[in-house]
Amino acid sequence: MRRGARATLLIAWLLALGGLGWTVSQRLKISTDLRSFMPAPTTPDQRLLMEQVGEGPGSRLLLLSIGRGTGSSVAGVGPSDEQLAALSQGLVAALKKDPRYSQALNGSFDLGALDAGLLPYRYLLSPTLDTQPLDEAYLADQLQQRLDDLSSPAASLLKGLLPRDPTLEMLKLAELWTPAKSPELREGVWFSPQNEALLLVQTVAAGFDPGAQQQAIDGIQRAFHALPGSAGAKLELSGPGYFSVVVGAQTRHQADWIGRISTVGFVALLLLAYRSFSSLLLSALPIASAALAGIAALTVAFSEVHGITLAFGFTLLGVAQEYPIRVLSHRRADEDAVQSVRALWPLLLTAIASACIAYLAFYASGVNGLKQLAVFTIVGLLVAGFSTRYLLPHLLPRRVRDVADMRWLAKARVFVDRLPRPRWIPLLVAAAIVLMLAAAPRPFWQNNLAALTPLPQDLLQHDARLREALGAPDVRYLLVLQAPTEEGVLALSEKLQPLVDTLVAKHAVDALELPSRYLPTVARQRARQQQLPDPATLQKTLNEALQGLPFRPDLFQPFLDDVRAARALPPLTPERYAQTPLGQRLAAMLVQRDGHWLGLGTVSGVHDVAALQALGEHSNGTVRLLDLKAASESLVVDYRTRILQALLIAAVLLVLTITFALRSLRRAWHVLAPMTLATFLVLAVERVAGVEISLFHLVALILAGGLGLHYALFFERDTGDPAEQRRTLHATIVCVLSALLVFGMLAWATIPVLRAIGLTVSLGVAFHFCLSILMAPHASED
Amino acid sequence: MIAALGQPAPAHTAFAEARFLQVLERPLVVSGELSWLGGDQLQRRVDHPQQETATIAHGEVTQQRAGKSPHHFSLRRAPQLQVLLDSFVALLSGDAGRLQQAFQIRQSGDAAGAWTLTLVPRDAKVVETVASITIDGYARESRCMHMQEADGDLAIDLLGALAAKMPAQPTREALQALCQSTP
């Protein structure tokens, strides 16, 4: 190709890439919701899990502490309790106005916050009337107690309430609605034993949407730092949403710096191998085209692209980086690049087709995220392959150094050729694999997704401490009540309450909060209404009860008015309840699904799981304890089963493709046997080293398998030309070294997900390389 | 003068209190013993008409009624007790500095004869509940304490020997006269 035509082609290609990049940047919508990367839930528990993981009350809860800044934890230095309490109040006031938060609690129960119109409802909500009518004896006793209260030092707390609420129903409700194990109140707000003010904030955003959680957390921090006097105090956060943000940032940070180092190494390696800047830059074009075309295909086929798809996809696309390397290594000094590629193409095409077929299996899995992964990698590999074949060779410099002339390479080839290749090697390796797998410690699979993105120990301890101090519900267990209507759920909840009280008394559980605690059934509210005396009767009863007591006779008119109002109130329904300050709390506990209603009881401090499960006995499935951890693990198992099934199909297709392409079972064996053995060898070595296999290990094994297939294919090829054999060795060594460089660096990462991928691919590349050489047919054999 | 009032801890004194509250037609009368246990610890024990003990220690109040489990709350939630602690302990320990710290002080009368101290809490939150305290005394003895609450309610405590002289149906005027009388 002439100089001018080359320049035109290069510019056209770059323009096409630029255009594609622009379109992609306009259309690409990345979702961070973990759930779209999960298989469709099949059991009711799994479906509930998916909802809870994203939107459950527990996952949207942030635990906050405001303490003295570091270095001033000694009492008397830094802000006082009073200042911390003021900060706590200020923060709650700011967050209550912000639509990003559905709830902000700090322990202060402000009666003023209650709508005056709702106050008469206390007679319908408080359990007093269930056992105690408003008769003369009761009123007289209550009034005498109030008199005693007035002479006590706590009188000022009570004086304002007395005329309206002589039986203190409001305080009974406040007590009922306070978490059973609530922190110590100081200065009117929650405090931890470590002298920090404590707060609970519920975000509107889902807990496992790191993007939205980041915004919510930023909002809290901004609101806090805007408060006067916040400079000397320290705000700390915890909770699932905060963790998802921290883990995301940590993983990104580590992947970024490892990526930077290995990119520099990769560039240096290629420069060393080919001594040509232009070759290096040009060989990046097929990979860039692959990535952009892959994303473009995703934006066409799917409305949203998952972040994990992209991360995995770029990893799997690593295979494509071999195509230009092969072309560069196989060039001869006197030959046009186009001709070199032509000779190489049948083998390259086999490799591309095999990889595409393996990844196609992902599409059959039916999981949305895996389908995306398949589309991305297959389109990417095809684009990388075909642009390497039809575009790249026209751009490469005409004159290059033939790598076959390198002296070290000739020596290396001789060394490789002289290696003994006994036929019992596959048997020995297979036996070793079986032995190692048998001897490996259990369990084989890692089902706990959280174990792959573990949190720093100090964060977990901080979380446990705050959770303990706040009596915040466990994120693991939920008591699920099911009924056709909301009223039915509340009725079930009321029926269950005495059993739950017994469990709490027996210390099977620290607290179990049921929806009826916030809202009794309409039936019960009506029953309580029936108990309220009519105005004339109450007036008479009150007058009699007041006999001999020094209260002013007209003092209790607001009380009489409220009781009169309460008698005529329409009972509170969840809908009307939603307007109250506690509405959000109840809304999180009552969810509608598939034509029925679910009540979610939150559990804190589980000591006896069996006793909790026993609550569901004889309930015909209307009451059950949901273990979110067990449900998530069963989901992971389902997920893995699908991947393994897909892999099995891929393996069969792969055998057929290779056999067809090489038109020889024996040759196919030489390619597939080392690849299969190496894959299982990685698995066996990792298992013996105590690694539990996760989804990430499987994806990494597939990538390593794809690379290994290349090595085996090229080593198996016998051209009868020693120079071409040397070039094959050169290309393979460059490929192996670059893969080891990139993934070997990842293997040093401290974050297990990155380490799992790095370690598996590095081991895989090493094993594939060695076994491909040792099991390749001898040059002299044929 | 305040230094002269000082006594070694523990110091006990009988009291009888009449509370004039707007919600009540007639005053509420209780009697018992106030004890300074040293440091910031104060006990207010009521013997009549109901047994009740309130103990202040380390910023926390523990309230105990006969036959009921004790009730704890922060001293900050009971400004009356905060004021009682600040004034009573300062007077019993003869600590003028402490008194000065918690209150603006006005003094009238004669240190050797009848005197009156008027104390206005400096703490903005406390003064929202307790407007002022007036202590009447004679020579080295505090005899009466008036606690004027911001909402108009008033508590008058007769201290020491005077406590026994609490009338069955006290009025503000009668108690005022008792406090001004010469022992």
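Asker: Account for the overall build of chain B, naming residues and giving values.
Answerer: Within chain B, the secondary structure is distributed over four helices and eleven strands. The burial tally for chain B puts 36% of its 183 residues in the buried class.

Asker: So what's going on with the interface of chain A and chain B? Which residues, and what values?
Answerer: Accessible area lost on assembly of the parts is the figure often given for the size of an interface. Listed as interface residues are 18 residues of chain A and, on the opposing side, 23 residues of chain B. Put simply, the parts of the chain that give the side of chain A that touches chain B at least two residues each are α6 (136-151), α7 (155-158) and β4 (184-186) of chain A. Counting residues per element, the side of chain A that touches chain B draws most heavily on α6 of chain A, which supplies four residues. Class assignment for the residues of the side of chain A that touches chain B results in ten nonpolar, three polar and five charged.

Asker: Outline the nonpolar core, listing residues and values.
Answerer: Residues and elements named next belong to chain A. With 158 residues, the main nonpolar core has Tyr359, Leu381, Leu681, Val682 and Leu703 as its most contacted residues. It is helix α29 (residues 695-716) that provides the largest number of residues to this core, a total of 14 residues. Looking at which domains feed residues into this core, each of domain 1 (1-31 + 275-401) and domain 2 (114-177 + 534-568) supplies at least three. Discounting residues that sit within four places of it in the chain, Tyr359 has contacts with Leu316, Ala374, Thr377 and Ile378. Counting residues in hydrophobic clusters, the runner-up holds 43 residues, among them Leu105, Trp190, Tyr242 and Phe243.

Asker: Describe the sheet that holds strand β5 (residues 60-65) of chain B, and please don't skip the residues or the numbers.
Answerer: Within the open sheet, the eleven strands sit side by side as β6-β5-β4-β3-β2-β1-β11-β10-β9-β8-β7 (chain B). Their pairing is antiparallel. Where the open sheet ends on each side, the last strands, each with one partner, are β6 (71-74) and β7 (103-109) of chain B. Put simply, the sheet's adjacent strands are angled 20 degrees from each other on average, direction ignored. Note that strand β10 (residues 141-149) of chain B and strand β11 (residues 154-159) of chain B share five bridges and pair antiparallel. Bridging from a neighbouring strand, Met147 of chain B pairs with Ala155 of chain B of β11 of chain B. Seen against the sheet, α6 of chain A touches β1 (11-20) and β2 (28-36) of chain B and runs at an angle of roughly 45 degrees to β2 of chain B.

Asker: Go over the confidence of the model for chain B with me, naming the residues and quoting the values.
Answerer: The predicted coordinates ought not to be read in detail in places where the model reports low pLDDT. Residues and elements named next belong to chain B. Predicted confidence across chain B gives a mean pLDDT of 85, with 98% of residues reaching 70 or more. Of all secondary-structure elements in chain B, the lowest mean pLDDT belongs to β6, at 75, while β11 reaches the highest, 92. On the interface metric, ipTM, the complex scores 0.85, and its pTM is 0.68.

Asker: Before we move on, could you go through the pairing of strand β3 (residues 101-105) of chain A and cite the residues and values that matter?
Answerer: Residue and element names in this part refer to chain A. The buried count for β3 comes to four of five residues, which makes it a mostly enclosed element. Sheet topology note: the β3/strand β6 (residues 197-203) ladder contains four bridges and is antiparallel. Looking across to β6, one finds that Ala104 is bridged to Val201.

About the criteria used
Residues numbered from 1 in each chain as written. Chains lettered and ligands numbered in written order. Predicted model: local features only at pLDDT ≥ 70, side-chain atom pairs only at ≥ 80, totals over all residues. Helix = DSSP H or I, 4+ residues; strand = E, 2+ residues; numbered from the N terminus. Buried ≥ 20, exposed ≤ 12 C-beta atoms within 10 Å, placed from the backbone. Contact = placed C-beta atoms within 7 Å. Nonpolar A, V, L, I, M, F, W, Y, C, P; charged D, E, K, R; others polar. Core = buried A, V, L, I, M, F, W, Y, C linked by C-beta atoms within 7 Å. Domains from an automatic or database assignment. Pairing = 2+ DSSP bridges. Axes fitted to C-alpha atoms, helices over the stretch in contact; angles between N-to-C directions. pLDDT = per-residue confidence, 0-100.

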